[in-house]
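Understanding the architecture of this molecule
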Amino acid sequence: MCLGIPGRIVEIQPDGRAMGTVDFDGVRRSVCLAYTPEARPGDYVVVHVGFAISTVDPDEAARTLAVIRAIPDALAAELGTA
Amino acid sequence: MRYLDEYRDPELARRLLDELHRTATRPWTIMEVCGGQTHTIVRQGIDEVLPAGVRMIHGPGCPVCVTPLAAVDKALAIAARPEVIFTSYGDMLRVPGSHGDLLGLRARGADVRVVYTPLDAVRLAEQNPGRQVVFFAVGFETTAPANAMAVLRAAEAGLTNFSVLVSHVLVPPAITAIMDSPDNQVQAFLAAGHVCAVMGWTEYEPIAVRYGVPIVVTGFEPLDLVEGILMAVRQLEQGRAEVANQYVRAVRRNGNQAAREVMARVFRVTRRTWRGIGTIDHSGLALTERFTAFDADLRFATAELSVAENPQCIAGEILRGTRLPTDCPVYGTACTPRTPLGAPMVSSEGTCAAFHNAGRTRMSTVEE
Ligand code: SF4
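Residues numbered from 1 in each chain as written. Chains lettered and ligands numbered in written order. Predicted model: local features only at pLDDT ≥ 70, side-chain atom pairs only at ≥ 80, totals over all residues. Heavy atoms only, no water.

Going by the annotation in an unreviewed UniProt entry, the name recorded for chain B is Hydrogenase formation protein HypD, with Kutzneria albida DSM 43870 given as the source organism. Its UniProt record gives chain B a comment under Sequence similarities (unreviewed entry), which states: "Belongs to the HypD family." (UniProt positions renumbered as here; feature names shortened; annotations may be inferred.)

Per an unreviewed UniProt entry, chain A carries the name Hydrogenase assembly chaperone hypC/hupF and comes from Kutzneria albida DSM 43870. Under the heading Sequence similarities (unreviewed entry), UniProt records this for chain A: "Belongs to the HupF/HypC family."

All names here are of chain B. Residues in contact with the ligand, as listed here, are Cys313, Ile314, Ala315, Ile318, Cys328, Val330, Tyr331, Cys335, Gly342, Pro344, Met345 and Cys352. Judged by the fraction of its atoms near the pocket grid, the ligand is located in the second largest cavity. Its residues placed into classes, the shell around the ligand shows 11 nonpolar, 1 polar and no charged. (Near = heavy atom within 4 Å. 1 Å grid on protein atoms, 1.4 Å probe; cavity = no way out; pocket = protein on both sides within 12 Å on 5 of 7 lines; lining within 4 Å. Sits in = over half its atoms within 2 Å of the grid points. Nonpolar A, V, L, I, M, F, W, Y, C, P; charged D, E, K, R; others polar.)

Between chain A and chain B, the residue contacts involve 40 residues of the former and 49 residues of the latter. With both sides pooled, the region where chain A packs onto chain B buries about 4,000 Å², and carbon together with sulfur makes up 66% of that total. At the junction of chain A with chain B, the criterion picks out 0 salt bridges. The interface formed by chain A and chain B holds 12 residue pairs in polar contact (both at pLDDT 80 or more) in total. Elements that contribute at least two residues to the side of chain A that touches chain B include exactly strand 1 (5-12), strand 2 (19-24), strand 3 (27-32), strand 4 (44-48), strand 5 (51-55), helix 1 (58-69) and helix 2 (74-79) of chain A. Here the element with the most residues in the side of chain A that touches chain B is helix 1 of chain A; it accounts for 8 residues. (Contact = heavy atoms within 4.5 Å. Buried area = accessible area lost by both parts, 1.4 Å probe. Salt bridge = Lys/Arg side-chain N within 4 Å of Asp/Glu carboxyl O. Polar contact = N/O pair within 3.5 Å; in protein donor to acceptor, adjacent residues only side chain to side chain. Helix = DSSP H or I, 4+ residues; strand = E, 2+ residues; numbered from the N terminus.)

Next up on the list: the side chain of Glu141(B). Residues and elements named next belong to chain B. Assignment of secondary structure puts glutamate 141 in the loop between strand 5 (132-139) and helix 7 (144-156). Comment: no salt bridge for buried glutamate 141; closest opposite-charge side chain is arginine 260, at 9.7 Å. Here glutamate 141 is in contact with Val169, Leu170, Val171, Pro172, Val195, Val198 and Met199, once residues within four sequence places are set aside. (Buried < 20%, exposed > 50% of the residue type's maximum accessible area, 1.4 Å probe, protein only. Lys, Arg positive; Asp, Glu negative; His and termini not counted.)

Okay, the domain arrangement of chain B next. All names here are of chain B. Entries for chain B in the domain assignment read domain 1 (1-310) and domain 2 (315-357). Just the C-alpha atoms count here: the centres of domain 1 and domain 2 sit 18 Å apart. Listed as interface residues are 24 residues of domain 1 and, on the opposing side, 23 residues of domain 2. Interface area for domain 1 against domain 2, summed over the two sides, is near 2,000 Å², with a carbon-plus-sulfur share of 62%. If you sort the residues of domain 1 by the area they bury against domain 2, His58, Cys65 and Arg94 come out on top, with a joint share of 25%. Joining domain 1 to domain 2, the criterion identifies 0 salt bridges. For the interface between domain 1 and domain 2, the tally reads 3 residue pairs in polar contact (both at pLDDT 80 or more). (Domains from an automatic or database assignment.)

Residue and element names in this part refer to chain B. For the second largest pocket, the calculated volume is near 380 Å³. Around the second largest pocket, the lining comprises 20 residues; the ones closest to its centre are Lys74, Val166, Ser167, Arg272 and Asp297. Every element with two or more residues in the lining of the second largest pocket is listed here: helix 4 (69-79), strand 6 (162-169), strand 10 (267-274), strand 11 (278-287) and helix 13 (296-299). Per-element tally for the lining of the second largest pocket: the top contributor is strand 10, with 4 residues. Across the lining of the second largest pocket, the residue classes break down as 8 nonpolar, 4 polar and 8 charged. (Points joined across faces, edges and corners; volume = space filled by probe spheres on them.)

Rendered as structure tokens:
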């Protein structure tokens with residue numbers, strides 16, 4: 001039950017009940033968005049047991065990957081492919 | 001899929017591991033608290049490619065595993081009542097109680113239903129006014145906002161046939177208990193990213209200071225975990241003990257304010273018994289005074305039942321990280337995910353199930 005996964009908000013229902021549809025790589029589910037009131041369609045949210053508990057920050061996601069990519073690649077250097 | 005595939009890139013994982021091998025000069029023992037992280041570490045074999053001496057201990061962060069036997073027995077007693085529709089997250093159904101599990105009870109005719117979200121349980125109560133719908137509200141800080149919202153919605157709808165059997169647990173007091181235990185070996189923690197997505201990490205700051213232990217808020221994908229381990233090892237090598245955040249894309253310092261507000265309205269902090277570990281002060285959540293009308297424990301007045309663990313199960317030592325599943329005499333033989341004798345063999349977040357699913361045998365994990 002404790003596994004949260006990111007999904008993309010497809011739509012937010014207009015009835016003010018904070019429910020929306022989230023796409024998890026093709027599988028769509030109804031998700032409560034009451035805890036991520038700032039989220040908009042197209043945003044990624046981390047969903048636990050039918051509730052979005054956090055928005056995924058695209059800038060920070062890119063930054064984390066950039067930091068990892070910047071690690072010198074010792075193996076490639078040794079093989080002369082760097 | 002976006003935000004998953006990139007963090008599973010084996011080439012980048014190898015670079016992180018290289019960096020980790022360059023960084024670690026001494027043996028270090030690190031605990032990942034969360035069962036979801038244990039699952040990834042064991043399935044990907046991350047613990048087997050770490051620098052010599054860097055050792056992962058698998059922590060107690062499996063909600064299925066630590067829900068006390070007494071709570072499981074209460075669930076069984078309530079679910080057996082003819083007027084009750086008992087609802088639960090799926091992975092609680094096979095958790096062994098003193099006498100059987102919820103799945104067995106259902107096979108004998110009890111109305112036990114799996115729900116994906118607690119809001120489904122509220123809906124069932126609305127649709128079945130003549131029945132009592134009970135939801136088994138378990139888990140860490142990750143499921144608490146959802147379970148709190150279910151109670152709030154039921155209250156707003158004026159439902160009198162909905163209640164929750166609450167057995168929530170909290171992570172920081174468990175970390176403190178581990179550091180206080182005389183046989184503790186943990187030198188750094190990977191804190192569970194999604195728990196911190198809800199609660200933030202300010203609770204961990206005094207713990208890091210008091211025990212001189214680095215705590216790295218970490219995500220769940222392979223790259224997250226290796227980077228989290230690297231960040232912990234860097235601190236250990238440099239003699240620092242701070243709270244750091246690896247999982248920046250999803251966790252903010254103060255967590256999720258909206259979720260914390262609803263949790264604070266519905267739940268209060270209480271003493272809680274952890275299965276296999278014992279009772280820890282301030283380590284759980286119970287309903288606040290205002291919402292006691294939704295307390296299944298009070299509504300059905302379940303008496304204290306006498307509880308009995310399977311005597312062969314060493315789950316307590318496994319949850320404290322002092323022994324491995326492969327040390328258990330019945331691991332993989334009498335106890336398998338199909339026939340679990342103890343809670344850690346039930347859900348994929350349990351260390352025994354994670355080991356079993358990854359095909360680990362006693363032979364392959366013999367040390368020295
Ligand atoms: S293998 Fe089964 S019996 Fe042994 S500790 Fe794990 S859950 Fe308990």
